[in-house]
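Fold and contact review
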Amino acid sequence: MLAGVAGLATSLAAAGLLGLRGNPVTDVAELVVRLTPGKLAEDAIQLVGHKDKPLLVTGVLLILLLLFAAFGVLARRSPGAGVAGFVVLGVVGLIAQQSQFGAPPAGVLPILVGVITWLVVLAVLTGQLRPRPFDDTDHGRRFLLLASGVGLGSLVVGLLGWNAGGHRRAVDEARKSLKLTGVTSPPVPTGAEVGLDGIEAWQTPAARFYRIDTSFSPPAIAPKDWTLRIHGMVDHEITLTYADLLARERSQMWTTLNCVSNTVGGNLISNAWWSGVLLKDLLAEAGVQSGADAVKQTSDDGWTCGTPLSALTDDRGAMLAIAMNGQPLPIVHGFPVRTIVPGLYGYVSATKWVRDLEVTTFDSFTAYWTERGWSALGPVKLASRIDVPQNGARVSAGRVRVGGSAWQQHTGIEAVEVQLDGGAWQRANLGRPSIKDSWVQWDATLDVTSGDHQLRVRAVNDDGEVQTAVRAEPAPNGASGWHTIAFSAD
């Protein structure tokens, strides 16, 4: 186990010093994600939410420790078994690393460093325990001292390697030093918040913005190194640099993003002020050819999605975003450039670290989530949520104020209604002005008697459609149904 930990530590350090996007542990974790069936991935997201990545990395580390110990047990019977085990693990790490999108040749070095460390440290440690003729040295004591040194050294080297990332720090410094002209940071529109404590803030700070992606080590791309290629069924292929993008006319808007994995009443939804360049202008410049109906987007880490061409060329304001809430995008949210498309779930539109846009047709390709059983089209469904009171809460009987949010981006919310204990539906007050691409807050005051109660909510969109009561799971194209909670009053 000590030999295994030492090899793991040096491989992490090597990956950090080389400035690689990931390391052998995160590479294996990402391989597991890519091989996981869509339904199982969805179940995992529902079970652990934002904790999916740290839990998977922890699981990989625990399995490695168990394997290291197992190799030791095998090596007691056959010395070659321990060596073979470490070599097999090295091959697994190599496969995981080379299966990465655009894997750099230098990515094999941390694997080699780790395997060599495993074999050398294993030989040194076991050598201390072999009896030698005419040698009165206390080998047990020497072994314990050496093992303690290996263990402590591995801990230090591993932590330094895990947190190494001078390249990432340099990119973050470059991000912080950017001065983005034409990017503003307006206050929350007057009246957008209804003033009820407990309702999720109308504008979501970057640090609280939900994050669902497949990358365990988000790409760190310096602005000078970023390019975007627009090609495929176009008259003129375009390659843009970050400087090219900054020189273009700026567009800004409030837009709510939500994940298709969001359950009824779930929290995988956030709202921000986005700044960028309109995609419809870029596509018009490229000259989209007849017959095209989709754009295949590709991220720097190889993630792909298919977006309806019409959603990128109509008046909804789909953009290449460079800023969020008036600041350059955080690295974990797509710096330096990501796509924002109001009215579509993120799995078919919101590509972080976007690098490639191929104008094409839906029948000519599959993308990351459609390969796992999700629908090719992902329009956001009409939805609403109760934030106050929370499910299971106790309140004082009498006049009780309740509230929450409702949304259907690119359509807008006309009304929200609440129902207490199966009674008549009551219209709620809405935050104003209503921005059709952002969620809207709502509140209502109800007469609540002592006892147990059930509260449900539904929304009506700007087209007059009433939110359906039919329950549907998130897969394959988004959850539906009325959010319902239980609470009691004293």
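Residues numbered from 1 in each chain as written. Predicted model: local features only at pLDDT ≥ 70, side-chain atom pairs only at ≥ 80, totals over all residues. Heavy atoms only, no water.

Once that is clear, we can look at the packing of helix α4 (residues 52-77) against helix α5 (residues 79-98). Running from N to C, α4 and α5 point in directions that differ by 150°, and their axes come no closer than 5 Å. Taken together, the axis directions place α4 and α5 in an arrangement best described as roughly antiparallel. Contact residues: Leu64, Leu67, Phe68, Phe71, Leu74, Ala75 and Arg77 in α4; Pro79, Ala81, Gly82, Gly85, Phe86 and Leu89 in α5. Residues belonging to the contact of α4 with α5 are distributed by class as follows: 10 nonpolar, 2 polar and 1 charged. (Axes fitted to C-alpha atoms, helices over the stretch in contact; angles between N-to-C directions. Helix = DSSP H or I, 4+ residues; strand = E, 2+ residues; numbered from the N terminus. Parallel < 35°, antiparallel > 145°, perpendicular 65-115°, else oblique. Contact = heavy atoms within 4.5 Å. Nonpolar A, V, L, I, M, F, W, Y, C, P; charged D, E, K, R; others polar.)

Read from one edge to the other, the open sheet built from 5 strands follows the order β12-β19-β18-β14-β15, with strand pairing classed as mixed. Looking at strand neighbours, the two that pair on one side only are β12 (394-395) and β15 (426-427), the edges of this open sheet. Pairing geometry for strand β18 (residues 451-461) and strand β19 (residues 483-489), over 7 bridges, is antiparallel. Bridge assignment links Gly451 to a residue of β19, and that residue is Ala489. (Pairing = 2+ DSSP bridges.)

Examined against the element boundaries, Arg316 turns out to sit in the loop between α11 (309-313) and β7 (319-324). Since its relative accessible area comes to 13%, Arg316 is described here as buried. A polar side-chain atom of Arg316 sits 3.0 Å from a polar atom in the side chain of Asp314. Not counting residues within four places of it along the chain, the set of residues in contact with Arg316 comprises Met253, Ala311, Val341, Pro342, Gly343, Leu344, His410 and Asp437. (Buried < 20%, exposed > 50% of the residue type's maximum accessible area, 1.4 Å probe, protein only. Polar contact = N/O pair within 3.5 Å; in protein donor to acceptor, adjacent residues only side chain to side chain.)

On to the packing of α5 against helix α6 (residues 108-127), then. Helix packing for two helices is described by the angle between their axes and how far apart those axes are. Between α5 and α6, whose axes approach to 9 Å, the crossing angle comes to 170°. Put simply, α5 runs roughly antiparallel to α6. Touching Gly82, Val83, Phe86, Leu89, Gly90, Gly93, Leu94, Gln97 and Gln98 of α5 are Val108, Ile111, Val115, Trp118, Leu119 and Leu122, all from α6. Here the contact of α5 with α6 is composed, by residue class, of 10 nonpolar, 5 polar and no charged.

On the surface, Leu18, Leu109, Leu112, Ile116, Val120 and Val124 cluster together to form a nonpolar patch covering roughly 520 Å² of accessible area. The exposure class assigned to Val124 is partly exposed, which follows from its relative accessible area of 41%. (Patch = residues over 30% accessible without salt bridge, like charges linked within 9 Å, V, L, I, M, F, W, Y side chains within 5 Å. Areas by Shrake-Rupley, 256 points an atom, 1.4 Å probe, with all protein chains shown as cover. Salt bridge = Lys/Arg side-chain N within 4 Å of Asp/Glu carboxyl O.)

Charged atoms that come close allow side chains of opposite charge to pair. This structure, assessed with the given rule, holds 17 salt bridges. With its nearest N and O atoms 2.8 Å apart, the salt bridge here joins Arg211 to Asp213. Residue Asp213 is classed as buried on the basis of its relative accessible area of 15%. Asp490 is paired through a salt bridge with Arg394; the nearest N and O atoms lie 2.4 Å apart.

A cluster of acidic residues, Glu414, Asp462, Asp463 and Glu465, forms a negative patch on the protein surface. Checked against the element boundaries, Glu465 lands in the loop between β18 and β19. (Lys, Arg positive; Asp, Glu negative; His and termini not counted. Charge placed at Lys NZ, Arg CZ, Asp CG, Glu CD.)

Let us now look at the sheet that holds strand β1 (residues 227-232). Across the sheet, which stays open at both edges, the 5 strands sit in the order β2-β1-β10-β5-β6 with mixed pairing between neighbours. Two strands bound the open sheet, and with one partner strand each, they are β2 (238-241) and β6 (304-308). Neighbour-to-neighbour, the strand axes of the sheet open up by a mean angle of 15°, direction not taken into account. Pairing analysis gives 4 bridges linking β1 to strand β10 (residues 354-360), with the strands arranged parallel.

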